[in-house]
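# Coordinate inspection notes
Spelled out, the chains give:
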Amino acid sequence: TRSIADLAPVKSDSLLALIDLANADKRPEKIDVGVGVYRDSSGATPILKVIKEAERRLLETQETKSYLGGRGDVRFAELLAPILLGEHSSDERIAGIQTPGGCGALTLGFHLIKAANPGARVLVGTPTWPNHAPIIRGCELEIVEYRHYDRASRQLCFDEMAETVKSARPGDVVLLHGCCHNPTGADLDAQQWAEITALIVGRGLLPVVDIAYQGFGDGLDPDAAGLRAILDACDTVIVAQSCDKNFGVYRDRVGSVWIKTASTSSTATAMGHILQISREMWSMPPDHAAAAIRIVLDDAKLSADWRVELDGMRGRIASLRQRLAAADPQFGYIAEQKGMFSMLPVTPEQVVRLRETHAIYMADSGRFNICGLSDEQVDRFASAVLEAIG
Ligand code: PMP
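Residues numbered from 1 in each chain as written. Predicted model: local features only at pLDDT ≥ 70, side-chain atom pairs only at ≥ 80, totals over all residues.

The name given to the protein chain in an unreviewed UniProt entry is Aspartate/tyrosine/aromatic aminotransferase, and the organism recorded there is Sphingomonas anseongensis. Under Cofactor (unreviewed entry), UniProt gives the following word-for-word description of the protein chain: "pyridoxal 5'-phosphate". UniProt lists a comment for the protein chain under the heading Sequence similarities (unreviewed entry), and it reads "Belongs to the class-I pyridoxal-phosphate-dependent aminotransferase family." (UniProt positions renumbered as here; feature names shortened; annotations may be inferred.)

Every residue close to the ligand is listed here: Gly36, Gly101, Gly102, Cys103, Trp129, His177, Asn182, Asp210, Ala212, Ser242, Asp244 and Gly255. The dominant element in the shell around the ligand, judged by the number of residues it contributes, is helix α4 (residues 101-116), at three residues. (Near = placed C-beta within 6 Å. Helix = DSSP H or I, 4+ residues; strand = E, 2+ residues; numbered from the N terminus.)

For the rest of this paragraph, the subject is the UniProt feature "domain: Aminotransferase class I/classII large" (unreviewed entry) in the protein chain. With numbering aligned to this structure, UniProt lists the feature "domain: Aminotransferase class I/classII large" (unreviewed entry) at residues 29-384. Helix makes up 44% of residues 29-384 and strand 15%. Its end C-alpha atoms lie 12 Å apart.

Pairing within the open sheet is mixed, and its seven strands lie in the order β2-β10-β9-β8-β7-β3-β4. The two strands at the open ends of the sheet, each matched to only one other strand, are β2 (94-99) and β4 (142-147). Each strand axis lies, on average, 20° off the axis of its neighbour in the sheet, ignoring direction. For strand β7 (residues 173-177) and strand β8 (residues 206-211), the ladder comprises five bridges, and the chain directions are parallel. Bridge pairing in β8 places histidine 177 opposite aspartate 210. Against the sheet, helix α3 (residues 74-85) makes contact with β2, β9 (237-242) and β10 (255-260), and its axis sits at roughly 120° relative to β2, the strand it touches most. With respect to the sheet, α4 is in contact with β2, β7, β8, β9 and β10, its orientation differing from that of β9 by roughly 160°. (Pairing = 2+ DSSP bridges. Axes fitted to C-alpha atoms, helices over the stretch in contact; angles between N-to-C directions. Contact = placed C-beta atoms within 7 Å.)

It is worth spelling out the packing of helix α13 (residues 348-358) against helix α14 (residues 378-389) at this point. Two elements in contact, α13 and α14, have axes separated by 10 Å at closest approach and are oriented at 130°. Taken as axis vectors, α13 and α14 run oblique relative to one another. As α13 runs across α14, the sense of the crossing is right-handed. Of the residues in α14, those in contact with Gln350, Arg353, Leu354 and His358 of α13 are Ala384, Val385, Ala388 and Ile389. Tallied by class, residues from the contact of α13 with α14 come to five nonpolar, two polar and one charged. (Parallel < 35°, antiparallel > 145°, perpendicular 65-115°, else oblique. Left-handed = near helix turned anticlockwise from the far one by under 90°. Nonpolar A, V, L, I, M, F, W, Y, C, P; charged D, E, K, R; others polar.)

The next point concerns the nonpolar core. Counting 102 residues, the largest nonpolar core has Val173, Val239, Val257, Ile293, Val296 and Met340 as its most contacted members. With eight residues, the single largest contributor to this core is helix α11 (residues 288-297). (Core = buried A, V, L, I, M, F, W, Y, C linked by C-beta atoms within 7 Å. Buried ≥ 20, exposed ≤ 12 C-beta atoms within 10 Å, placed from the backbone.)

Relative to the elements of secondary structure, valine 378 occurs in helix α14. Excluding its chain neighbours within four sequence positions, the residues that come into contact with valine 378 are Leu320, Arg323, Leu324, Ala327 and Leu373.

A few words now on unusual backbone geometry. The linkage connecting threonine 126 with the following residue, proline 127, adopts the cis geometry, with an omega of -5°. Position of proline 127 among the secondary structure elements: in the loop between β3 (121-126) and α5 (132-138). The peptide bond linking asparagine 182 to proline 183 adopts the cis configuration, its omega dihedral lying at 20°. Counting through the fold element by element, proline 183 comes out in the loop between β7 and α7 (190-203). Of note, the phi angle at arginine 154 is positive, near 55°, even though the residue is not glycine. By C-beta crowding, arginine 154 is classed as buried, having 21 other C-beta atoms within 10 Å. Its identity is not glycine, yet alanine 359 carries a phi of approximately 55°, on the positive side. Classification of alanine 359 as partly exposed rests on a count of 17 C-beta atoms within 10 Å.

Structure, rendered in structure tokens:
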């Protein structure tokens, strides 16, 4: 018989290893653009002021920590709906519940798909967030890859995407990044969203929209425009959302999953399955940050202040993108992209050299976190990268 002792070691996550390497480097000029969290100009990932205030209120007013139930904080989801779904928030064929982060939302969504249509294949553009494939395979669904982005030309491979969608089988699933594509920053424009949406409808495919950075691109509503175009056109849609970035509550794990079907009764049935699956996995989502976000969104002043703080994060990202683009024509593409991430046309060897000679830490793929740069580091970063790529 085999036992736990016979297990082969897990291949270490290269991003986590990079964090350890960066932390161990004591050179004062160190630039860490590896880790994927927002950072302010001092390099900190601060707790938003509105969250601090909401936590204060929560501490004072919370009277019990008794179970809330599988849906988590129902009011949280109610208040989030118009921010995420816009006009569609009043569509009774759409229902959503709180989840443990975007990861929990994706896991529930793909398990639901497996239960409904075990032979569905999931179309995934590469590169993508490294946890997408493991989550999808964990739900025992097959993946069909296509190129989302060509690093050499710094272009979205829209034609490849469209061809792959056109050749999909009815019932197949199309995983789309709602905005601020991770890791490339290369989003679809409005025209491309319209084209992909039409192809999805035409082939009878199921869109899953993963939206983890709403508000980090062009603002809350523009960043949800693609998702809302999908909702305008499609009868069946799954949305996996995360609040972890736009409320800065990463470790507290808050997100939501939303299901749209053609009728309120089939949506209710789907939600029943979602609740059954989550009951098996984690029973119910953690409460703390969802309660804090509910307090923020339920208060007009705090809600307005949150939008100001979110605008601040977005503005910093946009201005860093502008500065990098201005540093050299080769970086022009960076200003056209959205969100925290972009990719540099560097080889893994050049990434190592940047680390050893310039104390610059980024993923082997050349993905870097724009807001890992402090204001003073932009020029040195740009010239070190230019030197490395020759
Ligand atoms: N989707 C994408 C594209 C992401 O980048 C992330 C987080 N890095 C997630 C989902 C999951 O977010 P969470 O931390 O809320 O689980």
